[in-house]
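Each chain, written out:
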Amino acid sequence: FLPRQGYILELLPWIPHWSWGEWVASTSAPTPVGVMFHNTDLNHLGYALDRDSVPLCRHVNKTDETDCFKAKLKRGRSFSYDQRNFEVDSDVVTTFISSILLQNSTNCDSMKIHASENDFVLYNAYCSRGVEDEFSTEHYYRNANESAASLRKERGNVQRLIE
C-alpha cells in the first residue's frame, strides 16, 4: 500500500456554513479519510480549500452568492461537496512538495511547524521526538474556531506589518 512514513495529502472541500457535509472538511478532528489513517505509520495532512476553489456562482456578488448556490439545489444540481467540481491552485501542490515532502523531516516539532506555516493540518504524524530515534504517532489539529482562511489573513496582516 504505502511505505512506512509515506505521505497522504487530503484536499478538504470548501463548505459554506449552511451546507451539508462539514465533517469532511474538519481541521479540528480527523476527517472520514483521516479515521482510516489515524494512529498508523503514515503522515496524513489536509489542506482546506477556500471559496475560490468552487467555480459555481462566481458571476454574482457576495450578497447574492448563497441564493445562487441554493438555486442550483432547486434545479436538481446539487451543491453538495460530493456532487460538484472544485479547483485547486497549483501552489498548494507545489508548497506541499517543497515544504513538506522535500524537507523529509521526521522530527515531530519540525513537521508541525512546516505544516502550520503552510496552512496544512497534520492529522497524523509518524515522527520522532529525537529520543533514540523512537517513533510515535502524533496529531496536530487546529482549534475549532481557526479556519485556514482566517489564519492566512492573519499571516498576511503580520507580513504587511513587518514590511
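Just so we're clear, the structure is a prediction, and the values are computed from it rather than from any experiment.

Honestly, helix 3 (residues 90–101) in this entry has me stumped. Any pointers?
Given a rise of 1.5 Å per residue, twelve residues ought to cover 16 Å, and the 16 Å separating the end C-alpha atoms of helix 3 matches this to within 8%. The set of residues buried in helix 3 consists of Val92, Phe96, Ser99 and Ile100. Along the long axis of helix 3, the arc covered by the buried residues comes to 105°, so they all point the same way. Packing partners of the buried residues in helix 3 comprise strand 1 (7–12), strand 2 (43–48), helix 4 (108–117) and strand 3 (120–128). The N-cap residue of helix 3 is Asp89: its side-chain oxygen and the backbone nitrogen of Asp91 are 2.8 Å apart.

Explanation requested: the state of the cysteines in the structure shown.
A covalent bond between the sulfur atoms of two cysteines is what we call a disulfide. Scanning the model with the defined rule gives two disulfides in all. Cys108 shares a disulfide with Cys127; S-S distance 2.1 Å. Taking the sign of the S-S torsion, 95° for the link of Cys108 and Cys127, the bridge is right-handed. A residue pair is termed long-range when its members are at least 10 positions apart, and Cys108 in helix 4 and Cys127 in strand 3 qualify at 19 residues. Considered together, Cys108 and Cys127 belong to a single accessibility category, that of buried residues.

When you look at a nonpolar patch on the surface in this model, what are you seeing that I'm missing?
On the surface, a cluster of nonpolar side chains totalling about 480 Å² of accessible area is made up of Phe86, Val88, Val93, Ile97, Leu101 and Leu102. The topology assignment puts Ile97 in helix 3. Look at Ile97 and you get partly exposed, because its relative accessible area is 36%.

I'm lost on the sheet that holds strand 3 in this one. Help?
Backbone-to-backbone hydrogen bonds pair the strands of a sheet. The strands run either parallel or antiparallel. Strand order in this open sheet of four strands is 1-2-3-4, and the pairing throughout is mixed. Each edge of the open sheet carries a strand with a single partner, namely strand 1 and strand 4 (135–140). Each adjacent strand pair in this sheet contributes to an overall mean axis angle of 15°, direction not counted. Judged from the six bridges that link them, strand 1 and strand 2 form a sheet pairing that is parallel. Within the sheet, the bridge partner assigned to Glu10 lies in strand 2 and is Gly46. Helix 3 rests against strand 1, strand 2 and strand 3 of the sheet, and its axis sits at about 145° to strand 1. Running over the sheet, helix 4 touches strand 1, strand 2, strand 3 and strand 4 and is turned about 165° from strand 3.

Calculation notes
- Residues numbered from 1 in each chain as written.
- Predicted model: local features only at pLDDT ≥ 70, side-chain atom pairs only at ≥ 80, totals over all residues.
- Heavy atoms only, no water.
- Helix = DSSP H or I, 4+ residues; strand = E, 2+ residues; numbered from the N terminus.
- Expected span 1.5 Å × (residues − 1).
- Buried < 20%, exposed > 50% of the residue type's maximum accessible area, 1.4 Å probe, protein only.
- Arc of directions from axis to C-beta.
- Contact = heavy atoms within 4.5 Å.
- Polar contact = N/O pair within 3.5 Å; in protein donor to acceptor, adjacent residues only side chain to side chain.
- Disulfide = S-S within 2.5 Å.
- Patch = residues over 30% accessible without salt bridge, like charges linked within 9 Å, V, L, I, M, F, W, Y side chains within 5 Å.
- Areas by Shrake-Rupley, 256 points an atom, 1.4 Å probe, with all protein chains shown as cover.
- Salt bridge = Lys/Arg side-chain N within 4 Å of Asp/Glu carboxyl O.
- Pairing = 2+ DSSP bridges.
- Axes fitted to C-alpha atoms, helices over the stretch in contact; angles between N-to-C directions.

None of the figures reported here should be taken as evidence of function without further support.
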